[in-house]
Amino acid sequence: MPKKGRPLGYDPEEMLETSMLLFWKNGFDATSLDDILNAAKISKSSFYHMFGSKQQLFERCLCRYCDSQLAQIEKKLQQSTTGRDFIESYLHDLVAAASHNEDRYKGCFVVNTIYEFVDRDVSISKLISNMIEQFNQLLQVAIKKGQTEGVITTDKTPSALACFLMSSIAGIRTMIYAKAETDQLEDIVDVTLAALD
């Protein structure tokens, strides 16, 4: 009979969640290995056995965040009455969440990573590009749906409108990070939605 391996003294999923929150709040460079070990309450040997390196852990955390965000977005799109309803709900929910979430000033994990890793790491750049492309495709689905339903302008292509929405969303997230007032954020949402008329 083969010997059973020693059971893990920690939950890998909890470890990823804990690490993701640290990286999200502090960034990659400002999060030390000791910070991770102390927060997760695991030994250095267990960490290296499970994750290999801090960067490998970071990449797994980033993938976890991206997969979660895309799954939530896709679910909301499927549940929305119209393509425009999805876009309006997404933008207003973004502002509402920022207004009530005490962690609102830590920004978006993806946007923060772009700022920290721009032109610095190929593998992380590919992860970010993949996330952006998948998000863009979901927005295009919503826009095409809205155009077919007659609630979104057909004067512009779904691709152009999706890129515009993505830039607006990034801007809103940056404004949230900069501690902009809720009224200002809602004004941005209103102007953004007007472009769909």
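One can find the structure itself at the top, above this paragraph.
Keep in mind the model is a prediction, meaning the values are calculated, not measured.

Enquirer: Report on the overall build of the protein, specifying residues and quantitative values.
Expert: From N to C terminus, the protein includes 9 helices and 0 strands. Mapped in sequence order, the helices and strands of the protein form the string α-α-α-α-α-α-α-α-α. Each of the three principal axes of the protein carries a C-alpha extent, and together these read 65 × 45 × 30 Å. Of all 197 residues assigned to the protein, the portion counted as buried reaches 41%. Pairs at least 24 residues apart make up 70% of the contacts formed inside the protein by residues separated by at least 6 positions. Looking at charge distribution, the protein has the averaged site of its 21 positive side-chain charges lying 9 Å from that of its 27 negative ones.

Enquirer: Requested: an account of the nonpolar core, with residues and values cited.
Expert: In this structure, Phe47, Leu57, Ile87 and Phe109 are the most contacted members of the largest nonpolar core, which totals 56 residues. The element contributing the most residues to this core is helix α4 (residues 54–79), with 9 residues. Here Ile87 is in contact with Ala142, Ile143, Ile152, Leu165, Leu193 and Leu196, once residues within four sequence places are set aside.

Enquirer: Go over a negative patch on the surface with me, naming the residues and quoting the values.
Expert: Judged by side-chain charge, Glu181, Asp183, Asp187 and Asp190 come together as a negatively charged surface patch. Here Asp190 lies in helix α9 (residues 182–194). With a relative accessible area of 44%, Asp190 lands in the partly exposed category.

Enquirer: Could you give an account of the layout of surface pockets, with specific residues and numbers?
Expert: A water-sized probe, rolled over the atoms, reveals where empty space remains. The calculated volume of the second largest pocket comes to roughly 340 Å³. Together, 17 residues line the second largest pocket, and Val110, Val111, Ile132, Phe135 and Met166 are the ones closest to its centre. Within the lining of the second largest pocket, the residues separate by chemical class into 14 nonpolar, 2 polar and 1 charged.

Each value, and the rule that gives it
All chains use their own residue numbering, which begins from 1 and follows the written sequence. Totals for whole chains, interfaces and linings use all residues, but because this is a predicted model, local features are given only for residues with pLDDT of at least 70 and pairs of side-chain atoms are given and counted only at 80 or more. Note: side-chain values were computed over all heavy atoms of the structure, leaving out hydrogens and water. Each helix corresponds to a stretch of at least 4 residues labelled H or I by DSSP, and each strand to a stretch of at least 2 residues labelled E; elements are numbered beginning at the N terminus. Burial classification: accessible surface area is computed with a 1.4 Å probe over protein chains only, and a residue below 20% of its type maximum counts as buried, one above 50% as exposed, and the rest as partly exposed. Whether two residues are in contact is decided by their heavy atoms: any pair within 4.5 Å suffices. His residues and chain termini do not enter the charge count, which takes Lys and Arg as positive and Asp and Glu as negative. Where a charge lies is defined by one atom per residue type, namely NZ (Lys), CZ (Arg), CG (Asp) and CD (Glu). Among the buried residues, those of types Ala, Val, Leu, Ile, Met, Phe, Trp, Tyr and Cys that are joined through side-chain atoms within 4.5 Å form a nonpolar core. Nonpolar side chains (Val, Leu, Ile, Met, Phe, Trp, Tyr) are joined into patches within 5 Å and like charges within 9 Å, using only residues with over 30% relative accessible area and no salt bridge. Calculation of accessible area relied on Shrake-Rupley with a 1.4 Å probe; when residues are assessed, cover is drawn exclusively from the protein chains displayed. Throughout this description, the term salt bridge denotes a Lys or Arg side-chain nitrogen within 4 Å of a carboxyl oxygen of Asp or Glu. Here a cavity denotes grid points, spaced 1 Å and computed from the protein atoms alone, that fit a 1.4 Å probe unable to get out, and a pocket denotes an open set having protein on both sides within 12 Å along at least 5 of 7 lines; residues with an atom within 4 Å of a point are the lining. Grid points are joined across faces, edges and corners, and a volume is the space filled by probe spheres set on the points. Each residue gets one label: Ala, Val, Leu, Ile, Met, Phe, Trp, Tyr, Cys and Pro are nonpolar, Asp, Glu, Lys and Arg are charged, and the others, such as Gly, are polar.

All quantities given are derived from atomic positions and should not be read as evidence of function.
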